[in-house]
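Notes for the structure review
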Amino acid sequence: MGGLRRGFYLILGFTFPGFWAFHAGGLMSGLYFPLQKIFHTKATGWPSFFTAVLLYLGSIVLFELFARAWKNARP
């Protein structure tokens, strides 16, 4: 399980900059569009970074929940 966890975090670490670039370029732009409206800005850099971090944190939380449940399910 430790190898799977390390691999997961390694993949997340290497893919984050690319995902953020695609996200700022318009991929799933509906996620940061409300931030642009709230702060009256046309910038895509910081709103996309904020939502990309939230997406990655959400995936980490889900992974950890499933990993810990899997670890505790085995006798």
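This write-up is about the structure you can find in this document. Bear in mind the structure is a predicted one, so any value in this text is a computation, not a measurement.

Considering the pattern of salt bridges
Between side chains of opposite charge, a pair can form as their charged atoms come close. On inspection of all chains with the given rule, the structure shows two salt bridges. A salt bridge links Arg5 to Glu64, with the nearest nitrogen and oxygen atoms 3.1 Å apart. One end of the pair, Arg5, is in helix H1 (residues 2–24); the other, Glu64, is in helix H3 (residues 45–73), with 59 residues separating them in the sequence. On the basis of relative accessibility, which here comes to 28%, the residue Arg5 falls in the partly exposed class. Close ionic contact of Arg68 with Glu64 constitutes a salt bridge, the shortest N to O distance being 3.2 Å. With Arg68 and Glu64 both in helix H3 and four residues apart, the pair spans about one turn of that helix. Judged by relative accessible area, Arg68 falls into the exposed class, the value being 52%.

Some points on the packing of aromatic side chains
The tally for this structure, following the rule as stated, stands at eight aromatic pairs. A centroid spacing of 5.4 Å and a plane angle of 70° characterise the contact between Phe8 and Tyr9, whose relative ring orientation is edge-to-face. For Tyr9, a relative accessible area of 31% puts it in the partly exposed group. Consider the rings of Phe8 and Phe63, whose centres lie 3.9 Å apart with planes at 15°: the pair is stacked.

Quick look at the environment of Pro17
In this fold, Pro17 is placed in helix H1. C-alpha of Pro17 to C-alpha of Pro47: the two residues are 30 residues apart in sequence and 14 Å apart in space.

Observations regarding H3
With 29 residues, H3 extends 42 Å from end C-alpha to end C-alpha; this agrees with the ideal 42 Å at 1.5 Å per step. Taken as a whole, H3 has its buried residues at Pro47, Ser48, Thr51, Ala52, Tyr56, Phe63, Glu64 and Ala67. Those residues of H3 hidden inside the fold are in contact with H1 and helix H2 (33–38).

Some words on the nonpolar core
Judged by nonpolar contacts, Phe8, Leu12, Phe16, Phe19, Ala52, Tyr56, Phe63 and Ala67 together constitute the single largest core of eight residues. Apart from residues lying up to four places away in sequence, Phe16 is in contact with Phe49, Ala52, Val53 and Tyr56.

Calculation rules
For every chain, the first residue of the written sequence is number 1, and numbering continues from 1 onward in sequence order. For this predicted model, a pLDDT threshold of at least 70 governs which residues receive local features, and a threshold of 80 or more governs which side-chain atom pairs are given and counted, while totals over whole chains, interfaces and linings are taken from all residues. Each side-chain value is derived from all of the structure's non-hydrogen atoms; neither hydrogens nor water enter the calculation. Any carboxyl oxygen of Asp or Glu within 4 Å of a side-chain nitrogen of Lys or Arg constitutes a salt bridge here. A helix here means a DSSP run of H or I that spans at least four residues, while a strand means a run of E at least two residues long, and both kinds are numbered starting from the N terminus. For every residue, the accessible area obtained with a 1.4 Å probe (protein chains only) is divided by the maximum for its type, and the residue is called buried under 20%, exposed over 50%, and partly exposed between those limits. By convention, a stacked pair of Phe, Tyr or Trp rings (six-membered ring in the case of Trp) has centres within 6.5 Å and planes under 30 degrees apart, an edge-to-face pair has planes over 60 apart, and any other such pair is tilted. One less than the number of residues in a helix, times 1.5 Å, gives the span that helix is expected to have. Any two residues whose heavy atoms approach within 4.5 Å at even a single point are treated as in contact. The term nonpolar core refers to a set of buried residues drawn from Ala, Val, Leu, Ile, Met, Phe, Trp, Tyr and Cys, joined through side-chain atoms within 4.5 Å.

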